[in-house]
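Read off the chains here:
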Amino acid sequence: MPKKIAILGSTGSIGVNTLDIVRNSKNRFKVSGLAAGGNIALLEKQIREFKPKYAALFDEKKTSLLKKRLGRLKVEIFSGIEGLIKVASIPDTKMVVSAIVGAAGLIPTFAALKCGKDIALANKETLVIAGELFMKHSRKKRVRIIPVDSEHSAIFQCINGTTNRKIKKIILTASGGPFLTYPAKQFEKITTRKALNHPNWNMGPKITIDSATLMNKGLEVIEAHWLFGIDENRIDVVIHPESIVHSMVEFIDTSIIAQMGLPDMRVPINYALNYPERVSTNLPTLNLTKTKTLTFSEPDYKKFPCLEYAFHALRIGRTMPAVLNAANEVAVQAFLSGSISFTGIPKIIKKLMRKHQPKKVMKISDIMQADLWARVEAKKLCER
Ligand code: MG
């Protein structure tokens with residue numbers, strides 16, 4: 001019997017790659033539900049190809065158009081946040097792939113958790129803003145969380161069940177993005193076109209900008225902290241422009257285990273979908289004799305202050321990571337739409353973190369409140 005999976009964020013980069021894996025392993029997986037933001041053309045195509053029982057569109061205004069386009073096709077369509085929750089909670093689904101971008105993924109991912117689904121987690125923001133709550137509930141529900149983020153998939157594979165006490169540190173690798181060697185003086189003039197041109201990975205616009213500011217690595221530090229229960233002083237970030245070593249784990253006996261491969265998201269997705277089994281693929285393989293050199297260096301925290309802010313937010317904890325994340329989401333959108341400069345992104349985050357009075361997180365609404373506050377304040381700053 002194929003394993004039934006639902007995909008939240010099916011029209012994004014991770015969603016499309018997940019469906020590519022499913023397409024090539026039809027005997028292993030069956031898509032039970034698909035959820036997307038507003039890309040009805042692609043969602044329609046996916047529904048026709050994968051024939052899920054349920055689908056959801058976050059953009060409620062476009063739902064009737066989608067229904068019309070699908071005609072008499074046998075699929076139940078839901079909309080809005082309720083629709084995403086429906087797709088996250090389909091009764092006979094074994095695994096939910098959580099691949100919505102940003103804090104918007106939090107509520108539906110929690111819904112999947114509450115229903116006891118295994119979660120292939122690509123939406124790092126869930127752990128960034130609600131890590132403590134999320135991990136607590138996952139233990140209570142005995143839900144398996146398998147990371148899809150390439151670095152965390154690497155760490156997960158390196159740790160391979162070793163107890164926390166035997167781990168000395170996690171070494172997260174970062175490509176450094178397109179501005180690694182760019183002079184700091186010219187950062188002010190960085191255009192969106194340049195920032196969207198990532199050297200190694202082909203991803204959506206939000207995460208590509210986050211990679212250029214190194215905020216993506218900062219968010220991944222917080223993600224790693226919650227996923228693996230490792231304190232921030234035991235998490236190192238190392239710049240590795242070739243993106244071959246996806247991350248490493250150092251153990252107490254000084255042994256370091258690294259996971260390597262070509263930068264292709266289908267590898268960690270395939271691993272997460274099939275976990276704990278390893279399944280063969282037709283994906284291109286790494287030939288180290290062709291790569292020849294792998295280089296590593298320290299990150300420049302002055303040039304990329306976002307990385308430092310993320311460490312700082314993690315140290316402070318409480319609602320601070322939610323504020324860091326919300327401020328960043330607003331600032332990245334403002335940069336993409338041309339209303340602030342590239343260097344405006346860290347400036348806005350810094351201002352909001354200074355202004356915020358972090359509160360203890362008891363429930364999701366505490367996070368949503370901080371998130372909303374930061375969005376409103378960040379928008380004001382962007383409009384100035
Ligand atoms: Mg990553």
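Within each chain, residue numbers correspond to sequence positions counted from 1 in written order. Residue-level local features of this predicted model are given only where pLDDT is at least 70; pairs of side-chain atoms are given and counted only at 80 or more, and the full residue set underlies all totals for whole chains, interfaces and linings. Here the side-chain values reflect all heavy atoms present in the structure, with hydrogen atoms and water set aside.

Caption draft 1: Spotlight on the domain arrangement of the chain. Domain annotation for the chain reports domain 1 (3–123) and domain 2 (152–383). Of note, the centres of domain 1 and domain 2, computed from C-alpha atoms alone, are 25 Å apart. Any two residues having at least one pair of non-hydrogen atoms within 4.5 Å are treated as being in contact. Facing 19 residues of domain 1, the contacting portion of domain 2 comprises 20 residues. The term buried area means the drop in 1.4 Å probe accessible area that two parts suffer when joined, counted for both and summed. Summing both sides of the interface, domain 1 and domain 2 together bury roughly 1,600 Å²; the carbon and sulfur share of this comes to 68%. For the domain 1 face of the interface with domain 2, the top three residues by lost area are Ile21, Arg28 and Ala103, together amounting to 29%. An automatic or database domain assignment supplies the residue ranges for each domain.

Caption draft 2: Expanded view of the sheet that holds strand E10 (residues 245–251). Taken in spatial order, the 4 strands make up an open sheet running E9-E8-E10-E11, and their pairing is mixed. Of all strands in the sheet, those with a lone pairing partner are strand E9 (235–239) and strand E11 (256–260), marking the two edges. The average undirected angle you get between the axes of adjacent strands in this sheet is 20 degrees. Pairing between two strands is assigned when DSSP locates at least 2 bridges connecting them. For helices the rule is a DSSP run of H or I covering at least 4 residues; for strands it is a run of E covering at least 2, with both sets numbered from the N terminus onward. Across 5 bridges, the pairing between strand E8 (residues 167–174) and E9 is parallel. In the strand pairing of E9, Ile171 is matched with Asp236. Only the stretch in contact is used when fitting a helix axis, every axis being a line fitted to C-alpha atoms; angles between N-to-C directions are given from 0 to 180 degrees. Against the sheet, helix H10 (residues 215–228) engages E8 and E9, with an angle of about 150 degrees to E8.

Caption draft 3: How the structure looks around the coordination of the magnesium ion. Taken together, Asp149 (OD), Glu151 (OE) and Glu220 (OE) make up the full set of protein donors to the magnesium ion, lying 2.1 Å away. Read N to C, the donor residues that coordinate the magnesium ion are spaced as D-x1-E-x68-E. Note on accessibility: Asp149 and Glu151 belong to one class, buried. Each metal's donors comprise the N, O and S atoms found within 2.8 Å of it (within 3.2 Å for Na, K or Ca). Water is not part of the atom list, so some coordination spheres may appear incomplete. Note on exposure labels: buried denotes an accessible area under 20% of the residue type's maximum, exposed denotes more than 50%, and partly exposed covers the range between, all computed with a 1.4 Å probe on protein chains only.

Caption draft 4: Structural view of the layout of surface pockets. The volume enclosed by the second largest pocket comes to roughly 510 Å³. Cavities and pockets were defined on a 1 Å grid built from protein atoms only: a cavity is a group of points that admits a 1.4 Å probe but offers it no way out, a pocket is an open group of points flanked by protein on both sides within 12 Å along at least five of seven lines, and a lining residue is one with an atom within 4 Å of any such point. What lines the second largest pocket is a set of 22 residues, among which Met135, Ile145, Phe156, Leu227 and Phe228 lie closest to the centre. Going through the elements one at a time, helix H6 (124–141), strand E7 (145–147), helix H7 (150–159) and H10 are the ones with two or more residues in the lining of the second largest pocket. Tallied by class, residues from the lining of the second largest pocket come to 13 nonpolar, 6 polar and 3 charged. Grid points are joined across faces, edges and corners, and a volume is the space filled by probe spheres set on the points. Note on residue classes: Ala, Val, Leu, Ile, Met, Phe, Trp, Tyr, Cys and Pro are nonpolar, Asp, Glu, Lys and Arg are charged, and everything else, Gly too, is polar.

Caption draft 5: Inspection of helix H4 (residues 80–88) at higher detail. Gly80, Gly83, Leu84, Val87 and Ala88 are the residues of H4 that are buried. For H4, the angular spread of the buried residues around the axis is 140 degrees, confining them to a single face. On the buried face of H4, the contacting elements are strand E1 (3–8), strand E2 (29–36), strand E3 (54–57), strand E4 (76–79), strand E5 (95–98) and helix H5 (106–114). Directions from the helix axis toward the C-beta atoms define the arc.

Caption draft 6: Structural detail: the pairing of E2. Burial within E2 is extensive, with 7 of its 8 residues counted as buried. In this sheet, E2 lies alongside E1 in parallel orientation, the contact comprising 6 bridges. Looking at E2, one finds that Ile5 is bridged to Val31. Handedness of a crossover is defined as follows: with both strands directed away from the viewer, a clockwise route from the first strand across the helix to the second makes it right-handed. Between the parallel pair E1 and E2, the chain is carried across by helix H1 (residues 13–23), and the sense of this crossover is right-handed. Crossover E2 to E3 through helix H2 (residues 40–50) is right-handed.

Caption draft 7: Focus on the sheet that holds E2. In spatial order, the strands read E4-E3-E2-E1-E5-E6-E7; together these 7 strands make up an open sheet with parallel pairing. Pairing within the sheet leaves two strands with one partner each, and these edge strands are E4 and E7. Put simply, the sheet's adjacent strands are angled 20 degrees from each other on average, direction ignored. Pairing between E2 and E3: 4 bridges, direction parallel.

Caption draft 8: Layout of a positive patch on the surface. Patches in this entry comprise residues that are over 30% relatively accessible and not in a salt bridge; like charges within 9 Å are linked, as are nonpolar side chains (Val, Leu, Ile, Met, Phe, Trp, Tyr) within 5 Å. Only the protein chains shown count as covering a residue, and every accessible area follows the Shrake-Rupley method with a 1.4 Å probe. What counts as a salt bridge is simple: a side-chain nitrogen of Lys or Arg found within 4 Å of a carboxyl oxygen of Asp or Glu. Charged residues are defined here as Lys and Arg on the positive side and Asp and Glu on the negative side; His and the ends of the chain fall outside this count. Lysine's charge is taken at NZ, arginine's at CZ, aspartate's at CG and glutamate's at CD. A surface patch of like charges, here positive, comprises Lys136, Arg139, Lys140, Lys141, Arg318 and Lys360. With respect to the element layout, Arg139 can be found in helix H6. Assessed through its relative accessible area of 59%, Arg139 is described here as exposed.

Caption draft 9: Quick peek at the side chain of Thr343. Note that Thr343 resides in the loop between helix H14 (320–336) and helix H15 (344–355). As used in this structure description, the phrase polar contact means that two N or O atoms lie within 3.5 Å; if the pair is within protein, one of them must be able to donate a hydrogen and the other to accept it, and residues adjacent in sequence are counted only when both atoms belong to side chains. In this structure the side chain of Thr343 is engaged in a polar contact, spanning 3.1 Å, whose partner is the side chain of Ser341. Other than its neighbours up to four places away in sequence, Thr343 contacts Phe187 and Glu188.

Caption draft 10: Summary view of the pairing of E11. Pairing of E10 with E11, which is carried by 5 bridges, proceeds in the antiparallel orientation. The residue of E11 that forms the bridge with Glu250 is Ile256. Between E10 and E11, which pair antiparallel and follow one another directly, the connecting turn spans 4 residues, one of which, Thr254, has a positive phi of 75 degrees.

Caption draft 11: Geometry of the environment of Ala258. Mapped onto the secondary structure, Ala258 falls in strand E11. For the pair Ala258 and Ala154, spaced 104 residues apart in the sequence, the C-alpha separation amounts to 7.4 Å. Excluding anything up to four places from it in sequence, Ala258 contacts Cys158, Val245, Ser247 and Met248.

Caption draft 12: Highlighting the side chain of Thr63. If you trace the backbone, Thr63 turns up in helix H3 (residues 63–70). At 3.1 Å, the side chain of Thr63 and the backbone oxygen of Glu60 are in polar contact. If we ignore the near neighbours within four places in the chain, the residues touching Thr63 are Leu57, Ile77, Phe78 and Ser79.

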